[in-house]
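What the coordinates show
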Amino acid sequence: MIRFNPNIPWKTRGNGAIALKIKTDKPESIKKNVIEFIKKYSAIKDGANPGLVFYQNENIPSHFSEFGDRALCSLIKRNNAKEFVSKNGLESFYLGNGQGLVGAIGAIGYDFDDHTFELISYRNKSNLGKKREIFKQSVKKMQDLTYPNTFNSFDEQKNRILIAPHGPDPVFFGIRGEDIDSVIRGKSLVFSSEKFDGYMVFRTNQGTGAHLKNELDVHDLKPFSSGHITGKVIDIPRVEIGGHVIFSIMKDDQKIKCAVYKPTRLTKIVSNLIKGDVIKIGGGVRKATKNHQRILNVEFLQILRLERNMKAVNPLCHACNKRTKSKGKNQGFECVKCKKTFPNKIFEDISREIECRLYMPVLSAHRHLTRPMQRIGKLNNKIEFDDSRKWFHISKSGKAVNKKLEIKINTRKLKH
Ligand SMILES: [Zn+2]
């Protein structure tokens, strides 16, 4: 399951695509079936534009990966995808406008340099649209027992579960983690009053920060592109109405305006930046409109060098350890106690409230691709899928527990 550029305005919510590699001696019957499934289950009425591409070969050429890389960090028009399909003689199928072809091609060639897993459980049809009753305490406990091998399941600060979507979609909950065993264990620790129909484990680029790995070209900042820039702060951050913070950095004589949005809770950090600080920021480029110029929406901030913050203050009388008072404009300063005079203000260092380190948005503002703090420097690149693990499972009776069980799990240690 590949998440593509989250900064595309007309994307579906998660901008995701799925690639399946199938070894078969009946390719035609599989293709026919997949097309039937897409026709039957796609949410066309809700505006979905699904795309499907078949590539029948042992090896995947590198230009498929390049396409995937571009779909991760930039904007690809659906006509480019259609051209790619015809140039490469691919079999394809789409509904709606064909926008889904971009993700379908990109997913075939996606080159993982890091991955995580997500176990997604699916609701019974009879429950679609109903509120998901998942026992909060079990999710909290699951996180306590499995973190950091699972991540972003429970927001301790807001006391909220993060594993379940809120809309009418068929996903019941998703457990994100580093390996298959951890997400399956995580699933077994989550309790609810609803039976679910089954689950699937996906290898994914979620939590890898892959959309920000490329350096943005400051001479050609394309709208809706994602990446990172290292530059020097050139103006003092300004708090806008709504609590968002705007500032600018300079890189190669180019001024780049940056915005930090309030829900990220990074606003307090960036408000402390001063001219001369060197920072690395990642994010997406927002298109210029009539009212706004082009702007980089900040998704992470790494402070590389802090400038000394000097402030001119009245001199201190060292004999009395007292701050002096001004005698009037251009008339120097005088100690209130011993009356000693001083000609000029002096400069003092003001301590900086921020440090040279990486700052990330709060959990609730993370996107699917956001690399969580505990994954910094982590690289999974060995593929773990093999026949020994059940990467998909259809429930016979679903898994239901009653309220009694939730009370139980709060009071005794779970053994799994
Ligand atoms: Zn004095």
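Since we're looking at a predicted model, the values are computed, not measured.

About the cut-offs
- Residues numbered from 1 in each chain as written.
- Predicted model: local features only at pLDDT ≥ 70, side-chain atom pairs only at ≥ 80, totals over all residues.
- Heavy atoms only, no water.
- Patch = residues over 30% accessible without salt bridge, like charges linked within 9 Å, V, L, I, M, F, W, Y side chains within 5 Å.
- Areas by Shrake-Rupley, 256 points an atom, 1.4 Å probe, with all protein chains shown as cover.
- Salt bridge = Lys/Arg side-chain N within 4 Å of Asp/Glu carboxyl O.
- Lys, Arg positive; Asp, Glu negative; His and termini not counted.
- Charge placed at Lys NZ, Arg CZ, Asp CG, Glu CD.
- Helix = DSSP H or I, 4+ residues; strand = E, 2+ residues; numbered from the N terminus.
- Polar contact = N/O pair within 3.5 Å; in protein donor to acceptor, adjacent residues only side chain to side chain.
- Axes fitted to C-alpha atoms, helices over the stretch in contact; angles between N-to-C directions.
- Parallel < 35°, antiparallel > 145°, perpendicular 65-115°, else oblique.
- Left-handed = near helix turned anticlockwise from the far one by under 90°.
- Contact = heavy atoms within 4.5 Å.
- Nonpolar A, V, L, I, M, F, W, Y, C, P; charged D, E, K, R; others polar.
- Pairing = 2+ DSSP bridges.
- Buried < 20%, exposed > 50% of the residue type's maximum accessible area, 1.4 Å probe, protein only.
- Donors = N, O, S within 2.8 Å, 3.2 Å for Na, K, Ca; no water.
- Tetrahedral: all angles 85-135°; square planar, octahedral: opposite > 155°, others 65-115°.
- pLDDT = per-residue confidence, 0-100.
- 1 Å grid on protein atoms, 1.4 Å probe; cavity = no way out; pocket = protein on both sides within 12 Å on 5 of 7 lines; lining within 4 Å.
- Points joined across faces, edges and corners; volume = space filled by probe spheres on them.
- Phe/Tyr/Trp six-rings, centres within 6.5 Å; stacked < 30°, edge-to-face > 60°.
- Lys NZ or Arg CZ within 6 Å of the ring centre and 35° of its normal.

**Looking at a positive patch on the surface**
A contiguous patch of positive charge on the surface is contributed by Lys158, Arg160, Lys262 and Arg265. Structurally, the position occupied by Arg265 is in the loop between β14 (254-260) and α7 (267-271).

**Examining the side chain of Arg132**
Tracing the chain through its elements places Arg132 in the loop between β5 (116-123) and α5 (136-146). Separated by 3.1 Å, the side chain of Arg132 and the backbone oxygen of Pro165 make a polar contact.

**What to know about the packing of helix α2 (residues 62-73) against helix α4 (residues 100-109)**
Where α2 meets α4, the closest approach of the two axes is 7 Å, and the angle between their N-to-C directions is 125°. As judged from the angle between their axes, α2 and α4 are oblique. Where α2 crosses over α4, the two elements pack in a sense that is left-handed. Mapping the contact onto sequence places Phe64, Ser65, Phe67, Gly68 and Ala71 in α2 and Val102, Ile105, Gly106, Ile108 and Gly109 in α4. Broken down by class, the residue content of the contact of α2 with α4 amounts to 6 nonpolar, 4 polar and no charged.

**Details of the sheet that holds strand β10 (residues 196-204)**
If you walk across this open sheet you meet the 5 strands as β6-β9-β5-β10-β25, and the pairing is antiparallel. Taken across any chain shown, the strands that pair with only one partner, and hence form the sheet edges, are β6 (150-151) and β25 (392-394). Bridging between β10 and β25 involves 3 bridges; their strand directions are antiparallel. Each residue of the ladder has a partner; that of Met200, found in β25, is Phe392.

**What to know about the pairing of strand β13 (residues 245-251)**
Burial analysis of β13 places 6 of its 7 residues in the buried class, the great majority of the element. Bridge count between strand β11 (residues 226-233) and β13: 2 bridges; the pairing is antiparallel. Considered in β13, the bridge of Val233 is made with Ile249. Summarising the sheet, strand β12 (residues 238-239) and β13 pair through 2 bridges and their orientation is antiparallel. Bridged to Arg238 within β13 is Ile246.

**Quick look at the coordination of the zinc ion**
Listed as protein donors to the zinc ion are Cys317 (SG), Cys320 (SG), Cys335 (SG) and Cys338 (SG); their distances from the metal cover 2.3 Å. Note that the zinc ion binds 4 donor atoms; their angles at the metal cover 108 to 110°, and the shape is tetrahedral. Here the donor residues of the zinc ion are spaced in sequence according to C-x2-C-x14-C-x2-C. Residue Cys320 is found in the loop between β18 (316-317) and β19 (322-323), and its partner Cys338 is found in the loop between β21 (333-334) and β22 (341-342); the two are separated by 18 residues along the sequence.

**A few points about unusual backbone geometry**
Note: most peptide bonds trans; most residues except glycine with negative phi. Note the cis peptide between Tyr147 and Pro148, where omega equals 5°. Position of Pro148 among the secondary structure elements: in the loop between α5 and β6. Despite not being glycine, Arg265 has its phi angle at roughly 60°, a positive value.

**Side note on helix α6 (residues 180-188)**
Given 3.6 residues to a turn, an α-helix orients residues that are three or four positions apart in the same direction. All of the buried residues in α6 are Ile180, Ser182, Val183, Gly186, Lys187 and Ser188. Put simply, Asp179 is the residue that caps the front of α6, since its side-chain oxygen is 3.3 Å from the backbone nitrogen of Asp181.

**Comments concerning the pairing of strand β9 (residues 171-177)**
Of all 7 residues that make up β9, 6 are buried, and the element is covered over most of its length. By the bridge criterion, 6 bridges tie β5 to β9 in an arrangement that is antiparallel. The residue of β9 that forms the bridge with Phe117 is Gly177. Relative to β9, β6 is paired through 2 bridges, and the arrangement is antiparallel. Each residue of the ladder has a partner; that of Thr150, found in β9, is Gly177.

**Observations regarding the confidence of the model for the protein chain**
With 95% of its residues at a pLDDT of at least 70, the protein chain reaches an overall mean of 90. In the predicted structure, residues 398-416 sits below a pLDDT of 50 and forms 33 contacts with residues beyond four places in sequence or in another chain.

**Thoughts on the layout of surface pockets**
What the second largest pocket holds in volume is close to 420 Å³. Around the second largest pocket, the lining is made up of 21 residues, and of these Thr208, Gly209, Phe300, Arg371 and Ile376 lie nearest the centre. For the lining of the second largest pocket, the element with the most residues is strand β16 (residues 295-305), which contributes 3 residues. For the lining of the second largest pocket, the residue count by class is 8 nonpolar, 7 polar and 6 charged.

**Let's talk about the packing of aromatic side chains**
Under the definition given, this model contains 10 aromatic pairs. Aromatic side chains Phe64 and Phe84 sit 5.0 Å apart centroid to centroid with 90° between the ring planes, which places their arrangement in the edge-to-face category. With Phe64 in helix α2 and Phe84 in helix α3 (residues 78-87), this residue pair connects regions lying 20 residues apart in the sequence. Given a relative accessible area of 1%, Phe64 falls into the buried group. With relative accessibility at 11%, the residue Phe84 sits in the buried group. Taken together, a centroid distance of 5.3 Å and an interplanar angle of 75° make the contact between Trp391 and Phe392 edge-to-face. Judged by relative accessible area, Trp391 falls into the partly exposed class, the value being 30%. With a relative accessible area of 43%, Phe392 lands in the partly exposed category. Ring pairs connect the aromatic residues Tyr55, Phe64, Phe67 and Phe84, which therefore count as one cluster. Seen from the ring of Phe54, Lys31 lies directly overhead, with NZ or CZ sitting 5.9 Å from the centre. Lying across the ring of Phe112, Arg203 places its NZ or CZ 3.9 Å from the centre.

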